[in-house]
Amino acid sequence: VIASFLGMIGVIAIDGILAAFVRRCLPEKWFDCNAKFHKASKKECDLYEKLGVKFWKDHVLELGIFTGFSKKEVQNPNDINYIERFILENNFGSIGHLLDATLGFLLILFYPGASKYLIAVPVCIINFVLSMLPWMILRYNTNRLLRVHGVLVKKAARNS
């Protein structure tokens, strides 16, 4: 029981360290609305729709309180600066969750013998699933946010 508890604490620590690294150490320009890397392909979005992301995305816990920016819903859809910040936070979260999902398996290195398979592997698999759900939501929302941003940029150009 203690080893299981320590495994959960360990994977949460790994997740927190990775999230802090992504948010604090990597340049923002890698994550802004001009970074094409974060755009999901049409096939990827189709896959998320087949997996029913529209129906379960509102039931996944969102912890934007830790960054001071909630990504649960768009609060100000007509403010270009707000949408750019939303895209930035969305992209930070996307990479953070992807790293959490994959590098969380490092926990396995700290468990000896059979406990590696009885405790660490299940904890890592649960962490993987719980990290991939928000990752899919963030990836799914990226294209929608980029479309809103594009419309706002065109509208601002027409008004200038």
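Now for a quick tour of the structure. For clarity, every value in this text was computed on a predicted model and none was experimentally measured.

Each value, and the rule that gives it
Residues numbered from 1 in each chain as written. Predicted model: local features only at pLDDT ≥ 70, side-chain atom pairs only at ≥ 80, totals over all residues. Heavy atoms only, no water. Helix = DSSP H or I, 4+ residues; strand = E, 2+ residues; numbered from the N terminus. Buried < 20%, exposed > 50% of the residue type's maximum accessible area, 1.4 Å probe, protein only. Core = buried A, V, L, I, M, F, W, Y, C linked by side-chain atoms within 4.5 Å. Salt bridge = Lys/Arg side-chain N within 4 Å of Asp/Glu carboxyl O. Expected span 1.5 Å × (residues − 1). Bend = angle between axes of the 7 residues up to and from the residue.

Within the fold, V121 resides in helix α5 (residues 115-159). According to the relative accessible area criterion, V121 is partly exposed, its value standing at 23%. In this structure the C-alpha to C-alpha distance between V121 and I108, which are 13 residues apart in sequence, comes to 6.5 Å.

Formed by V11, I14, L18, L107, I108, Y111, I119, A120, V123 and C124, the largest nonpolar core amounts to 10 residues. When contributions to this core are tallied by element, the ones reaching two or more residues are α1 (2-25) and α5. Counting residues in hydrophobic clusters, the runner-up holds 9 residues, among them V53, W135, M136 and I137.

Attention now goes to the pattern of salt bridges. Taken as a whole and assessed by the stated rule, the structure comprises 5 salt bridges. Linking R144 and E49 is a salt bridge whose minimum nitrogen-to-oxygen distance equals 3.4 Å. Within this pair, whereas R144 is found in helix α5, its partner E49 is found in helix α2 (residues 42-50), the two being separated by 95 residues in sequence. The class of R144 is partly exposed, set by a relative accessible area of 26%. For E49, a relative accessible area of 35% translates into the label partly exposed. Across the pair R85 and E89 runs a salt bridge whose closest N-O atoms are separated by 3.1 Å. Here E89 and R85 lie together in helix α4 (residues 80-103), a separation of 4 residues that amounts to about one turn. Among the charged side chains, a network of salt bridges with common partners joins R23, R85 and E89.

Moving on, we come to α5. A rise of 1.5 Å per residue sets the reference length of α5, with its 45 residues, at 66 Å; its end C-alpha atoms lie 64 Å apart and thus fit the reference within 8%. The largest bend in α5 amounts to roughly 30 degrees and is located at T142.

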